[in-house]
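So you can see what is in the structure, the chains are spelled out below.
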Amino acid sequence: MNQPAIIIIQTGTPPQEIREQYGDLADWFSAAIGYSRSEIEVVRVFEGEILPPPNPQRVAIITGSWAMVTDKLPWSEATALWLRKAMEINMPLFGVCYGHQLMSYALGGEVDYLPCIRETGCLPVRLTAEAENEPLLAGYPQVFPAHLTHMQSVVKVPEGATVLASSEIDPHQVVRYGPNAISTQYHPEFTPLASKAMIERNREIFSGEGRDTDAMLEQSTDTPEATALLKRFIEQHLPRA
């Protein structure tokens, strides 16, 4: 039997009440890229599932998580090793949030906590000058909205990596590591409804941090450019007839 062309490396799962309403992370990515779940292999590495050998004929998406890269959990370290091997054979890789941080860490970058506790909400992402030479960002506006929620960040990108976008808080929102590997700190798979549900769930925490939850909810909107980067990446490596 043929293997699905897309592997989702799932590094965590939303809280139960979010899953019951909106599904699991694999469902969110499936909808974002326009592939059915039957066309995707999901490997829940955070539960100890073993990844198949890297394969340059397949595409891997590494998801966000509720874990922290700096904790160096065994499954996370094993996934980092897998990513290094995948890079050696130029396997197409797209990291998101935790996946973005894990890719940078695996390839020699550094990850640490944000000085401002967290970056959360639907916020503007700005292209860097280097993005002018990035085909996947052709035609993009200089600034576009994206859904964000993270406490850790890439504080130093690996040697040779190219930073393609930043936000007010995080200078490394989009990073390219090689011809077939790119990652985003923001979440291209989020919908406004899912984003709002997670913001609302943390209302008390945000209040304690002096944040205006209602304002964050009001700012949540569709993020077509943020999602399109992931879709373009998939289309580039898996063109459909």
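Provided above is the structure to which this section pertains.
Note that the coordinates shown come from a computational prediction; the quantities given were computed from them, not determined experimentally.

Caption draft 1: Molecular detail of the pairing of strand E1 (residues 6-10). For E1, a buried count of five out of five residues is recorded, marking the element as mostly surrounded by other parts of the structure. What you see with E1 is no split at all: Ile6, Ile8 and Gln10 on one side and Ile7 and Ile9 on the other are buried throughout. Note: E1 against strand E3 (residues 59-62), four bridges, orientation parallel. Looking at the pairing, isoleucine 6 lines up with valine 59 of E3.

Caption draft 2: The arrangement of the sheet that holds strand E11 (residues 181-184) in detail. Sheet architecture is open: nine strands sit in the order E2-E1-E3-E4-E11-E10-E9-E6-E7, paired in mixed fashion. The outermost strands of the open sheet, each flanked by one partner alone, are strand E2 (40-44) and strand E7 (143-150). When the angles between neighbouring strand axes are averaged without regard to direction, this sheet yields 25°. One ladder, built from four bridges, connects strand E4 (residues 93-96) with E11; its direction is parallel. In the strand pairing of E11, phenylalanine 94 is matched with isoleucine 182. On the sheet, helix H2 (residues 25-33) packs against E1, E2, E3 and E4 and is oriented at approximately 145° with respect to E1.

Caption draft 3: Just the environment of leucine 93, in detail. On the secondary structure map, leucine 93 appears in strand E4. Residue leucine 93 is classed as buried on the basis of its relative accessible area of 1%. Put simply, leucine 93 and proline 54 are 39 residues apart on the chain and 10 Å apart in space, counted from C-alpha to C-alpha. Apart from the residues within four sequence positions on either side, leucine 93 is in contact with Ala60, Ile62, Trp82, Leu83, Ala86, Met87, Met103, Asn180, Ala181, Ile182 and Phe233.

Caption draft 4: Molecular detail of the environment of proline 171. As for its placement among the helices and strands, proline 171 is situated in the loop between strand E9 (162-166) and strand E10 (174-178). Overall, the relative accessible area of 44% leaves proline 171 in the partly exposed class. Considering only alpha carbons, one finds proline 171 and glutamine 185, 14 residues apart in sequence, at a separation of 9.9 Å.

Caption draft 5: Quick peek at the environment of alanine 226. Residue placement: alanine 226 occurs in helix H8 (residues 224-237). With a relative accessible area of 0%, alanine 226 lands in the buried category. Taking C-alpha positions, alanine 226 is 15 Å from isoleucine 61, a pair spaced 165 residues apart along the chain. The contacts of alanine 226, once residues within four sequence positions are left out, are Phe144, Pro145, Ala146, Tyr186 and Pro188.

Caption draft 6: Region of the structure containing the pattern of salt bridges. Under the criterion given, the structure shown has eleven salt bridges. Taking the shortest distance from any N to any O, the salt bridge between glutamate 39 and arginine 240 comes out at 3.0 Å. Taken as a pair, glutamate 39 in the loop between H2 and E2 and arginine 240 in the segment after H8 lie far apart in primary sequence, 201 residues in all. Under the relative-accessibility criterion, glutamate 39 is labelled partly exposed at 31%. For arginine 240, a relative accessible area of 49% corresponds to the partly exposed category. Between glutamate 134 and arginine 176 there is a salt bridge, with its nearest N and O atoms 2.6 Å apart. One end of the pair, glutamate 134, is in the loop between strand E6 (119-127) and E7; the other, arginine 176, is in strand E10, and 42 residues separate them in sequence. Its relative accessible area of 6% is what places glutamate 134 among the buried residues. The exposure class assigned to arginine 176 is buried, which follows from its relative accessible area of 14%. Beyond isolated ion pairs, a larger network of salt bridges with shared partners links Asp24, Arg44 and Glu47.

About the criteria used
Throughout, residues of each chain are indexed from 1 in the direction in which the sequence is written. Under the rules for a predicted model, residues below a pLDDT of 70 receive no local features and side-chain atom pairs below 80 are neither given nor counted, while totals for whole chains, interfaces and linings still include all residues. Side-chain metrics in this entry use all non-hydrogen atoms of the structure; hydrogen atoms and water are not considered. Three exposure classes are used, based on accessible area relative to the maximum for each residue type with a 1.4 Å probe and protein chains only: buried under 20%, partly exposed in between, and exposed over 50%. Put simply, DSSP marks the helices as runs of H or I at least four residues long and the strands as runs of E at least two long, and each gets a number from the N terminus on. A pair of strands counts as paired when DSSP detects no fewer than two bridges linking them. Under this scheme, a helix contributes an axis fitted over its contacting stretch, all axes are lines through C-alpha atoms, and angles between N-to-C directions fall in the 0 to 180 degree range. Whether two residues are in contact is decided by their heavy atoms: any pair within 4.5 Å suffices. Just to be clear on terms, a salt bridge is a Lys or Arg side-chain nitrogen sitting within 4 Å of an Asp or Glu carboxyl oxygen.

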